[in-house]
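Given next are the chains, with one letter for each unit.
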Amino acid sequence: MPIVRTVPTRAALSAAAAEYFVETAAEAVRMHGRFTVALSGGATPNNVYALLATKPFRSRVSWPAVHVFWGDERCVPPDDPRSNYRAGYEMLLSHVPIPSANVHRMRGEIDPPDGAAQYEAELRTHFATSTGAPRFAPRERFDLTLLGVGLDGHTASLFPDGTAINERTRWVSPDYARSASTWRLTLTLPVINASARVLFLLSGEEKRPIARRILNASNDGAPLPAQRVDPVEGEMVWLVDTAAYELSPPR
Ligand code: 6PG
């Protein structure tokens, strides 16, 4: 069962997420010498990235031991305002001493199948797993995967009406997001669910309906992509502000 933590405001959510990132990074570096994280796109994590780039969080991370990937990317050039890479770089990575070789950008600007195949190859090299499913071992999986949730229950770029949600062997897949009329690249469930930790960020009044549907485990209809994230041997935390969700008081 996921851990659901509610906080009173978006600012509190960002601070709690930054703290979770820093603590997870410190534990991973202590345990196996590096911290591999998949950043989320969307607007919710931007304040988290900005916090991580400033005191006191910035100096608490061993940035030379950090490897940053993305959970998904829009198929646009890296300098496009819609690029998840651009947001992460501008809000965080350009402000911290992370080696450029440790920033693993999805190449959204090339043909989507090629971009997906190239990213999967890079990920497999990083995790020393040239073939087969991800393994649940240190240095062979994400130490932390950050995720958001769309109003339709998508996460990363795994959409309810897409094909990538059903991918069982590839680690990275292209998909066409009808709702956004754009091609995307996304990590798939096999690699997301191999993560040691998954942190969902959910904020704002507009997310109340989807938060209720997911967190109240209402099983009306097929499970949404965000409901199919379930780390096989890992921890999952839903960090939500009270505008999006309030834990019902114990009966
Ligand atoms: C993206 C994200 C996507 C996002 C959700 C929530 O590329 O847009 O990966 O899955 O996390 O759509 O977005 P907000 O945080 O902007 O609500």
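Calculation rules
Residues numbered from 1 in each chain as written. Predicted model: local features only at pLDDT ≥ 70, side-chain atom pairs only at ≥ 80, totals over all residues. Heavy atoms only, no water. Pairing = 2+ DSSP bridges. Helix = DSSP H or I, 4+ residues; strand = E, 2+ residues; numbered from the N terminus. Axes fitted to C-alpha atoms, helices over the stretch in contact; angles between N-to-C directions. Buried < 20%, exposed > 50% of the residue type's maximum accessible area, 1.4 Å probe, protein only. Arc of directions from axis to C-beta. Contact = heavy atoms within 4.5 Å. Polar contact = N/O pair within 3.5 Å; in protein donor to acceptor, adjacent residues only side chain to side chain. Near = heavy atom within 4 Å. Areas by Shrake-Rupley, 256 points an atom, 1.4 Å probe, with all protein chains shown as cover. Nonpolar A, V, L, I, M, F, W, Y, C, P; charged D, E, K, R; others polar.

**Considerations on the sheet that holds strand β4 (residues 72-74)**
Part 1 of the argument: The sheet built from three strands is open, its strands ordered β4-β7-β6 with antiparallel pairing. Strands at the two margins of the open sheet, each flanked by one partner only, are β4 and β6 (172-177). Taking each pair of neighbouring strands and ignoring which way they run, the sheet shows an average axis angle of 25°.
Part 2 of the argument: With six bridges connecting them, β6 and strand β7 (residues 182-187) associate as antiparallel partners. Paired with Pro174 across the two strands is Leu185, which belongs to β7.

**What to know about helix α3 (residues 84-91)**
Part 1 of the argument: Restricting attention to buried positions, one finds in α3 the residues Asn84, Tyr85 and Gly88. The buried residues of α3 all sit within an arc of 105° when viewed along its axis, so they share a single face.
Part 2 of the argument: In this structure, the buried residues of α3 make contact with α2 (46-52), β3 (66-70) and β4.
Part 3 of the argument: By the N-cap criterion, in which a side-chain oxygen at the helix start approaches the backbone nitrogen of a residue two or three places on, α3 is capped by Ser83, the distance to Tyr85 being 3.2 Å.

**A closer look at the site of the ligand**
Part 1 of the argument: Looking at the ligand, there are 16 residues lining it, with Thr44, Asp72, Arg74, Ala156 and Lys207 nearest.
Part 2 of the argument: In the environment of the ligand, an oxygen atom lies 2.8 Å from a nitrogen or oxygen atom belonging to the backbone of Ala43.
Part 3 of the argument: A distance of 2.6 Å separates an oxygen atom of the ligand from a polar atom in the side chain of Thr44.
Part 4 of the argument: The fraction of the free accessible surface of the ligand (420 Å²) that becomes covered by protein chains is 88%.
Part 5 of the argument: Across the shell around the ligand, the residue classes break down as three nonpolar, nine polar and four charged.

Keep in mind that these numbers describe shape and distance, not what the molecule does.
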